[in-house]
Amino acid sequence: MTSQSSHRNPNRRAPQRAEATNRLPLLIAVALVAGILGIGLFGGRGDSSPASQAVAPFEPFVPSPGDGQTTTTYPAPVTQAPDAAPDLPAVDRTLRQGLAGDDVKMLQERLVGLGFDPGPTDGIYGTLTTQAVWAFEKLVLGTPRTAATGVISPEFWEILRRDVTITPRRSTNGQADHTEVYLPEQVMIVFHKDKPALISHISSGELTAEGKPKEYCETATYDTDSQGRELEEPVTKQVCALAKTPGGVFKYRRQVEGKRVSPLGGMWNPVYFNYGIAVHGAANVPLEPASHGCVRMPMHISDYFQTMVSLGDRILVWDGIKEPEEQTERDSLPSFDYADPNATTTTSSTTTTTTTAPVTTQAPATTVKPTTTTSTTSTTTTTTTTP
């Protein structure tokens, strides 16, 4: 059996090869028909299926102000950066102080997410929300301070719907906390390792029409000295000074809880960084510079500001003229108070009191003088008599 199978005649397979060869054209034709039918069956389904379409690469879409668009045909990434704008709906009315509603609350929450503090997110557009919008206008939109409105138009809202990234002018490479104060914009930012932790509208030293520090004169009661150190007893006097907020590089040196009255005026929870100049809360923080030289912030922010900074942190102040590092030591000095030259009434009264005191003191001396002379005369007479 083994030998017969191993020695089969190879010519016995020839008829089978010939038959297969004859069937080859038929098989090819069937294959072609099947291919055509396959294309017809599956090609139409592919045209209508999103899975079969070419996928364009993701390309972020940034709408221009006022175009009202927030999405594109490209899908948004699943994982967004921490500072990415949330999926906010459009706003169809202009938001301003005095209004209330869910859209106002949405605005407040968006500002909080960016680092601004509009006060309670209660849906009521009040003064605190207006001040936060001022800061956004001046810082992000580049609106001049005098042109800030505190109003959110639908076009303005479209910008708030975008991704907004705020970076420091002086990076620490993520190594330290610091504060930056921009006097032309009247905005202050507290950075924690280069990330904005607090952005606030401020009001610094009052300026003249020419943009120079304005002189002020007033009768003030002080409970701190020019360097912010507490006095044992309050002192009242008439003084003048310039409302100067100097530019430069400083450090937070001292902080006091509660209300303080210094040579630069009343302040709430001050954090001193340049002699008597401090960042502090104030009831009046208008759009224009209005302080005696300190950096005013809204009261609700000053309630927790001291927890946002640490003594020793750097605070850089831009005055719009020189870079902070370019300011000389003299440039960086505040204006120390001096006696009011026009305070004639108070000065005259004080002089009279001061003059009267020596007269009273000299009176006993005049009475004693004749006694001394009499004693001397008596002695002289006795001496003369002895020879």
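Refer to the structure printed above.
Every chain begins its residue count from 1, and numbering advances along the sequence as written. With pLDDT at 70 or above as the cut-off, local features in this predicted model cover only qualifying residues; side-chain atom pairs require 80 or more to be listed or tallied, and sums for whole chains, interfaces and linings still use all residues. Hydrogens and waters are ignored; side-chain quantities use all the structure's heavy atoms.

### Brief notes about the overall build of the chain
- Counting its secondary structure elements, the chain contains 7 helices and 13 strands.
- Relative accessibility thresholds used throughout: buried, under 20% of the residue-type maximum; exposed, over 50%; partly exposed, between the two (1.4 Å probe, protein chains only). Taking all 387 residues of the chain together, 35% fall into the buried category.
- In this analysis, two residues are considered to be in contact whenever any of their non-hydrogen atoms come within 4.5 Å of each other. For the chain, the proportion of contacts with a sequence separation of at least 24, taken over those separated by at least 6, is 58%.
- Accessible surface computed for the chain: about 23200 Å², of which carbon and sulfur atoms make up 56%. Helix and strand labels come from DSSP, where a helix needs a run of H or I of at least four residues and a strand needs a run of E of at least two; each type is numbered from the N terminus. Methods summary: accessible areas were calculated by the Shrake-Rupley approach with a probe of 1.4 Å, and residue burial reflects only the protein chains presented.

### A look at the nonpolar core
- The biggest cluster of nonpolar side chains holds 27 residues, and the ones touching the most others in it are Leu107, Leu111, Phe116, Ile152, Trp157 and Leu160.
- Those elements that place two or more of their residues in this core are helix H3 (102-114), helix H4 (127-141), helix H5 (154-160), strand S2 (187-192) and strand S12 (314-318).
- Ranked by residues supplied to this core, first place goes to H3 with 5 residues.
- Those residues in contact with Ile152, other than ones at most four positions away along the chain, are Arg93, Thr94, Leu95, Leu107, Tyr125, Val133, Trp157 and Leu160.
- Here the nonpolar core consists of buried residues drawn from Ala, Val, Leu, Ile, Met, Phe, Trp, Tyr and Cys, with membership extended through side-chain atoms lying within 4.5 Å. With 25 residues, the next largest nonpolar core counts Leu198, Phe273, Met297 and Ile315 among its residues.

### Side note on the sheet that holds S12
- One requirement defines pairing of two strands: DSSP has to find at least two bridges between them. The strand order S3-S2-S1-S12-S6 describes an open sheet built from 5 strands, whose pairing is mixed. In this open sheet, the two strands that pair with only one neighbour each are strand S3 (195-201) and strand S6 (248-251). Taking each pair of neighbouring strands and ignoring which way they run, the sheet shows an average axis angle of 20°.
- As paired elements, S2 and S3 share 6 bridges and run antiparallel to each other. Its bridge partner lying in S3, Val190 is registered against Leu198.
- For helices, the axis comes from a line fit to the C-alpha atoms of the stretch in contact; other axes are also lines fit to C-alpha atoms, and the angle between any two N-to-C directions lies between 0 and 180 degrees. The sheet contacts of H4 involve strand S1 (177-182), S2 and S3, and relative to S3 the element is tilted by about 115°.

### Let's talk about the pattern of salt bridges
- Definition used for salt bridges: Asp or Glu carboxyl oxygen within 4 Å of a side-chain nitrogen of Lys or Arg. All chains considered together, the criterion is met by 8 salt bridges.
- The salt bridge partner of Arg170 is Glu323, with a shortest N-O separation of 2.5 Å. Here Arg170, found in the loop between H5 and S1, pairs with Glu323, found in the loop between S12 and strand S13 (338-339); they are 153 residues apart in sequence, far enough to count as distant.
- Relative accessible area serves as the criterion here: at 23%, Arg170 is assigned to the partly exposed category.
- Glu323 gets classed as partly exposed once you look at its relative accessible area, which sits at 32%.
- With a closest N to O distance of 2.9 Å, Lys322 and Asp331 form a salt bridge.
- Judged by relative accessible area, Lys322 falls into the partly exposed class, the value being 31%.
- For Asp331, a relative accessible area of 25% gives the class partly exposed.
- In this structure, a network of salt bridges that share partners links the residues Arg170, Glu323 and Glu325.

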